[in-house]
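Observations on the model geometry
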Amino acid sequence: MATKGNPGDNRSRSPLSSLFIVAGLCCFFYILGVWQRSGFGKGDSIALEITKKAEDCGILPNLEYETHHGNQSSSFDDPNQEIKEIEPCAEQYVDYTPCHDQMRAMTFPRENMNYRERHCPPEEEKLHCLIPAPKGYVTPFPWPKSRDYVPFANAPYKSLTVEKAVQNWVQYEGNVFRFPGGGTQFPNGADAYIEQLASVIPIDNGTVRTALDTGCGVASWGAYLFKKNVLTMSFAPRDSHESQVQFALERGVPAVIGVLGTIKLPYPSRAFDMAHCSRCLIPWGANDGQYMMEVDRVLRPGGYWVLSGPPINWRSNYQAWQRPKEELEEEQRKIEEIAELLCWEKKHEKGEIAIWRKRVNNEYCRERDSRVTLCESSNAENVWYKKMEACVTPYPQTTNSDEVAGGELKPFPQRLNTVPPRIASGFVPGLSVESFQEDNKLWKKHVNSYKRVNKILDSGRYRNILDMNAGLGSFAAALESPKLWVMNVVPNIAEQDTLGVIYERGLIGIYHDWCEAFSTYPRTYDLIHGNGVFSLYKDKCNAEDILLEMDRILRPEGAVILRDHVDVLTQVKRIASGMRWNIKMVDHEDGPLISEKVLFAVKKYWVVGDNNSTVSE
């Protein structure tokens with residue numbers, strides 16, 4: 001019988017403690033073995049031997065759920081139920097992006113880039129197979145080498161090396177792509193370009209932490225901002241330049257497939273400290289300025305907008321751009337007019353770079369409110385598949401001209417664990433200062449528990465991490481390190497909209513519906529974490545579809561950590577056993593009497609043409 005009290009009092013005498021130690025060591029040895037194909041270091045040969053020795057090592061093999069949980073025992077855990085083996089897809093699907101499929105895209109209108117937006121397949125067209133890796137696929141180089149080099153086999157597309165050859169974006173060298181850090185607007189390198197911006201924008205002191213790069217190309221701007229401890233959300237459409245976003249993620253840089261088109265961006269209001277467009281080809285003056293209005297919605301009060309390239313300083317550049325000066329003049333006039341309507345203050349224009357700053361509150365903007373259509377303030381966060389509107393998002397109310405609307409943020413890293421203004425002000429119903437602090441404490445405990453099982457969690461082996469149900473972002477906060485970044489997903493059906501809180505902590509994330517595919521290429525995440533995801537979607541969509549999507553976006557030899565109720569994880573484990581995953585389920589860190597369990601998995605290495613069984617041992 002379990003007794004209350006300090007669990008450490010009888011630790012040395014408890015047989016359960018010994019079992020946990022053995023379990024942790026076994027699972028560590030197993031996960032360590034995934035290095036064998038990674039090219040990660042001298043430990044590979046050792047890891048291979050350890051893996052062989054660990055294969056027969058069961059993780060808590062005698063879990064008795066019925067004994068511990070009575071009638072809560074899983075109805076899915078039928079020993080006579082056969083495991084469904086899921087087959088690999090055909091080679092043609094190696095880079096399949098379901099909601100950004102090229103053939104489907106061409107059936108939608110081209111007006112306002114509608115055809116480049118998300119268009120997901122209907123149920124009857126969904127693939128129910130495992131997306132293969134291309135032949136020769138290897139684990140990407142560790143950061144920071146990955147910033148500059150990507151294995152050719154992982155994204156074998158040379159079109160950008162030809163089309164952007166003179167712009168120093170990417171070069172093909174032997175069996176790798178090299179990214180020199182150049183770009184259309186920064187021929188002297190991203191570092192030099194960023195220093196130009198830093199002469200106007202406080203990038204160096206933690207004031208600017210989150211950035212948005214629209215039309216990001218291969219995301220070199222975001223890649224080099226890591227030096228400044230700035231975390232950038234980059235996006236670009238899946239277009240004729242194959243693999244821009246895929247290259248970004250292979251480099252270890254946050255990015256998603258996306259476009260400014262007809263629907264709102266999947267980010268909350270007041271999210272980013274800085275937004276950026278470098279020749280991103282977005283018609284900023286079109287559609288009554290709604291694209292600039294959308295940037296204004298996601299830009300926090302006091303944030304900066306950077307526009308470089310045409311039409312800035314058109315008088316000096318129109319001949320080099322080979323465009324009529326009258327056209328460029330009108331284009332810049334429209335941008336300046338909309339910026340004024342938005343009440344942005346122009347801080348700088350030199351060469352081909354212009355910088356505006358959003359006012360810190362509405363005290364400076366009373367006059368403009370009579371000249372623009374104000375959006376319904378309740379719609380500022382309600383953005384999933386919602387039409388973009390030509391209206392201005394109102395500022396949160398303030399009491400004086402010096403107050404920052406929505407609350408002032410501390411410099412990073414202090415803001416990571418400081419109570420976010422949205423919680424302190426009661427903006428998110430059901431959340432309090434105490435619940436935030438308790439959540440932070442809880443996830444530090446959970447992550448420490450994960451590290452006892454997967455001891456390479458924060459070693460640099462996992463660079464791109466996805467949290468499928470991020471809550472307050474406390475999982476990402478507990479992992480915070482220059483070695484990794486976390487894409488925090490807040491499901492559109494989540495009980496509480498916490499994505500704004502996540503951004504106020506200096507983290508990044510996105511809204512998403514896990515009944516659909518994520519806006520990314522296959523094999524773009526090293527580790528996927530999910531807390532209560534399958535319970536959340538239990539009556540919404542098929543668990544197998546969610547698992548197949550996880551497999552699509554997970555790298556070979558990538559890891560999965562799922563935390564959920566035992567009944568739910570038992571079902572998940574049965575489905576995933578028919579995929580090419582090695583799976584172990586362990587007890588909650590507080591012991592076997594807790595109905596919440598944790599599932600650890602590692603995706604096996606396999607490529608096109610491998611026909612070995614998908615059923616895990």
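Thresholds applied
- Residues numbered from 1 in each chain as written.
- Predicted model: local features only at pLDDT ≥ 70, side-chain atom pairs only at ≥ 80, totals over all residues.
- Heavy atoms only, no water.
- UniProt positions renumbered as here; feature names shortened; annotations may be inferred.
- Pairing = 2+ DSSP bridges.
- Helix = DSSP H or I, 4+ residues; strand = E, 2+ residues; numbered from the N terminus.
- Axes fitted to C-alpha atoms, helices over the stretch in contact; angles between N-to-C directions.
- Contact = heavy atoms within 4.5 Å.
- Core = buried A, V, L, I, M, F, W, Y, C linked by side-chain atoms within 4.5 Å.
- Buried < 20%, exposed > 50% of the residue type's maximum accessible area, 1.4 Å probe, protein only.
- Domains from an automatic or database assignment.
- Right-handed = clockwise from strand over helix to strand, strands pointing away.
- 1 Å grid on protein atoms, 1.4 Å probe; cavity = no way out; pocket = protein on both sides within 12 Å on 5 of 7 lines; lining within 4 Å.
- Points joined across faces, edges and corners; volume = space filled by probe spheres on them.
- Nonpolar A, V, L, I, M, F, W, Y, C, P; charged D, E, K, R; others polar.
- Phe/Tyr/Trp six-rings, centres within 6.5 Å; stacked < 30°, edge-to-face > 60°.

As annotated in an unreviewed UniProt entry, the protein chain is Methyltransferase from Nicotiana attenuata. Of the comments in the UniProt record for the protein chain, the one headed Sequence similarities (unreviewed entry) reads "Belongs to the methyltransferase superfamily."

Sheet architecture is open: seven strands sit in the order 13-12-11-14-15-17-16, paired in mixed fashion. Every other strand in the sheet has two partners, leaving strand 13 (508-512) and strand 16 (581-587) as the edge strands with one partner each. The sheet shows a mean angle of 20° between the axes of neighbouring strands, direction not considered. Bridge count between strand 16 and strand 17 (residues 596-603): seven bridges; the pairing is antiparallel. Residue pairing for strand 17: Lys-584 is matched across the bridge by Phe-600. Its contacts with the sheet place helix 16 (residues 433-453) against strand 14 (525-531), strand 15 (554-565) and strand 17, and it is angled at close to 130° to strand 15. Against the sheet, helix 21 (residues 566-576) contacts strand 15, strand 16 and strand 17, and its axis sits at roughly 155° relative to strand 15.

A few words now on the nonpolar core. Membership of the largest hydrophobic core comes to 136 residues, with the highest contact counts inside it found for Tyr-267, Trp-284 and Trp-305. Considering every element that reaches this core, the biggest residue donor is helix 20 (residues 543-553), with six residues. Residue assignment places this core across two domains, with domain 2 (160-166 + 184-358) and domain 3 (421-603) each supplying three or more. Setting aside its immediate chain neighbours within four residues, Trp-305 contacts Ala-275, His-276, Trp-284, Met-292, Val-295, Leu-299, Ile-335, Trp-344, Ala-354, Ile-355 and Trp-356. Grouped together as the second largest cluster of nonpolar side chains are eight residues, Val-150, Trp-169, Val-170 and Phe-177 included.

To continue, consider the pairing of strand 4 (residues 210-214). Strand residues, when the strand is regular, have side chains that alternate between the two faces of the sheet. Counting buried positions along strand 4 yields five of five residues, so the element is predominantly enclosed. With five bridges joining them, strand 4 and strand 5 (residues 231-236) adopt parallel strand pairing. Bridged to Thr-210 within strand 5 is Leu-231. The parallel pair strand 4 and strand 5 is bridged by helix 8 (residues 220-225), and the resulting crossover is right-handed. With three bridges joining them, strand 4 and strand 7 (residues 272-278) adopt parallel strand pairing. Opposite Leu-212, over in strand 7, you have Ala-275 as the bridge partner.

Taken as a whole, this structure holds six cavities of 30 Å³ or more when the rule is applied. Lining the largest cavity are 22 residues, with Arg-118, Ile-257, Gly-258, Ile-263 and Pro-266 positioned closest to its centre. Sorting elements by how many residues they give to the lining of the largest cavity places strand 13 first, with three residues. Tallied by class, the residues present in the lining of the largest cavity amount to 14 nonpolar, four polar and four charged. Pro-140, Phe-141, Arg-461, Arg-463 and Asp-526 are the residues nearest the centre of the second largest cavity, which is lined by 17 residues in total. The residue inventory of the lining of the second largest cavity, partitioned by class, reads six nonpolar, five polar and six charged. Each of domain 2 (160-166 + 184-358) and domain 3 (421-603) accounts for three or more of the residues forming the lining of the second largest cavity.

Moving on, we come to the packing of aromatic side chains. A complete count under the given rule lists 20 aromatic pairs for this structure. Geometrically, the ring pair formed by Phe-152 and Phe-177 is tilted, given 5.4 Å between the ring centres and 50° between the ring planes. Here Phe-177 lies in strand 3 (residues 176-178) and Phe-152 lies in the loop between strand 1 (149-151) and helix 6 (159-163), a separation of 25 residues in the sequence. According to the relative accessible area criterion, Phe-152 is partly exposed, its value standing at 21%. Accessibility expressed as a relative area gives 0% for Phe-177, which makes it buried. Residues Phe-177 and Phe-247 carry aromatic rings whose centres are separated by 5.0 Å and whose planes lie at 75° to one another, so their mutual orientation is edge-to-face. With Phe-177 in strand 3 and Phe-247 in helix 9 (residues 244-250), this pair connects stretches of sequence that are 70 residues apart. No difference in accessibility class separates Phe-177 from Phe-247, as the two residues are buried. Of the aromatic side chains, those joined through ring pairs into one cluster are Phe-152, Tyr-172, Phe-177, Phe-179 and Phe-247.

Quick look at the sheet that holds strand 1 now. Pairing is antiparallel across the open sheet formed by three strands, whose spatial order is 1-3-2. The sheet is open, and its two borders are formed by strand 1 and strand 2 (171-173), each paired with just one other strand. Here the strands of the sheet are splayed against their neighbours by 30° on average, with no regard to which way each runs. As paired elements, strand 2 and strand 3 share three bridges and run antiparallel to each other. When the sheet's bridge partners are listed, Tyr-172 is paired in strand 3 with Phe-177.

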